[in-house]
Amino acid sequence: RDIAIEGFEGIGETESLAAVATLDGLHDVKTLAVVAKTAPREVTAAHALAGITDSHTLGSIARHSEHESVRRSAFEAIRDPAEMLSVAINSEFKDPTLSAVERFTERPELEQIAARARNKSAAKRAKMILKEMDEAISRAAAAEKDAAAAAMVEAEAARAAERDAAAREQAA
């Protein structure tokens, strides 16, 4: 692990990648996750990430990795909605949190993100999506109300025309 995260002087990229390959062969997911989160070289962190499939571990890497591309790759590999929500709420980095917010379309999750997100950009985006939802609902209600009013006016005009026709018929 220390070689993979270049914890010793004189350790280069070749040695750290070899250490990651060894860890991957041992199926040591916890150590691979530590390397993916803390490796000073992006290529080493990305190589460590390649050996991880556990959703919770991917979420942890998406929340904490030092490298943006590794955080993004880890987030894109997540399929569990609960873990995506956890990334949206708990990550302090802007890139994975905004990606997570964009994946949610249901009001309860967006309200949770708006209220609890550590990242202010994610909270703002969730609030903006909720506001857009509210405006769409208001527009739909207004359109429905206008359609109902137009139908009433049309029905009243039809009744008035029937009354006029009946009055003409009686007069004749």
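Residues numbered from 1 in each chain as written. Predicted model: local features only at pLDDT ≥ 70, side-chain atom pairs only at ≥ 80, totals over all residues. Heavy atoms only, no water.

Student: I'd like a rundown of the packing of helix H4 (residues 55-64) against helix H5 (residues 68-77), residues and numbers included.
Tutor: It is at 8 Å that the axes of H4 and H5 come closest, and there the two elements cross at 150°. The angle between H4 and H5 falls in the class roughly antiparallel. Handedness of the crossing formed by H4 with H5: left-handed. Residue-level contacts link Leu-58, Ile-61 and Ala-62 of H4 to Val-70, Arg-71, Ala-74, Phe-75 and Ala-77 of H5. Along the lines of polarity and charge, the residues of the contact of H4 with H5 split into 7 nonpolar, no polar and 1 charged. (Axes fitted to C-alpha atoms, helices over the stretch in contact; angles between N-to-C directions. Helix = DSSP H or I, 4+ residues; strand = E, 2+ residues; numbered from the N terminus. Parallel < 35°, antiparallel > 145°, perpendicular 65-115°, else oblique. Left-handed = near helix turned anticlockwise from the far one by under 90°. Contact = heavy atoms within 4.5 Å. Nonpolar A, V, L, I, M, F, W, Y, C, P; charged D, E, K, R; others polar.)

Student: Let's hear about the environment of Leu-58: which residues, and what values?
Tutor: Positionally, Leu-58 belongs in helix H4. In this structure, the C-alpha to C-alpha distance between Leu-58 and Ile-78, residues 20 residues apart in sequence, is 6.5 Å.

Student: Can you explain helix H6 (residues 81-90)? Please cite residues and give values.
Tutor: With 7 of 10 residues buried, H6 lies mostly within the body of the structure. Those residues of H6 that sit buried are Glu-83, Met-84, Leu-85, Ser-86, Val-87, Ala-88 and Ile-89. Packed against the buried residues of H6 are H4, H5, helix H7 (94-103), helix H8 (107-116) and helix H9 (120-171). (Buried < 20%, exposed > 50% of the residue type's maximum accessible area, 1.4 Å probe, protein only.)

Student: Can you break down the packing of aromatic side chains residue by residue, with the values?
Tutor: A complete count under the given rule lists 0 aromatic pairs for this structure. For Arg-71, the ring lying beneath its charged end belongs to Phe-93, and the centroid distance is 3.8 Å. (Phe/Tyr/Trp six-rings, centres within 6.5 Å; stacked < 30°, edge-to-face > 60°. Lys NZ or Arg CZ within 6 Å of the ring centre and 35° of its normal.)

Student: So, the nonpolar core: which residues are in play, and what are the values?
Tutor: Counting residues in hydrophobic clusters, the biggest one holds 33 residues, and the most contacted among them are Leu-49, Ile-61, Phe-75, Ile-78, Val-101, Leu-110 and Ile-113. When contributions to this core are tallied by element, the ones reaching two or more residues are helix H2 (29-38), helix H3 (42-49), H4, H5, H6, H7, H8 and H9. (Core = buried A, V, L, I, M, F, W, Y, C linked by side-chain atoms within 4.5 Å.)

Student: Describe in detail the pattern of salt bridges, supporting the description with residues and values.
Tutor: Counted according to the given criterion, the structure contains 9 salt bridges. Among the ionic pairs, Asp-95 bridges to Arg-71, the shortest N-O distance being 3.2 Å. With Asp-95 in helix H7 and Arg-71 in helix H5, this residue pair connects regions lying 24 residues apart in the sequence. Here Asp-95 and Arg-71 have matching classes, each one buried. Between Asp-134 and Arg-107 there is a salt bridge; the shortest N-O distance is 2.8 Å. Note that Asp-134 is positioned in helix H9 and Arg-107 in helix H8, a separation of 27 residues in sequence. Beyond isolated ion pairs, a larger network of salt bridges with shared partners links Arg-107, Glu-111 and Asp-134. (Salt bridge = Lys/Arg side-chain N within 4 Å of Asp/Glu carboxyl O.)

Student: Give a detailed account of H4, specifying residues and quantitative values.
Tutor: Within an α-helix, residues lying three or four positions from one another point in the same direction, as the helix has 3.6 residues per turn. In terms of residue burial, H4 counts as a mostly covered element, since 7 of its 10 residues are buried. The inward-facing, buried residues of H4 abut H2, H3, H5, H6 and H7.

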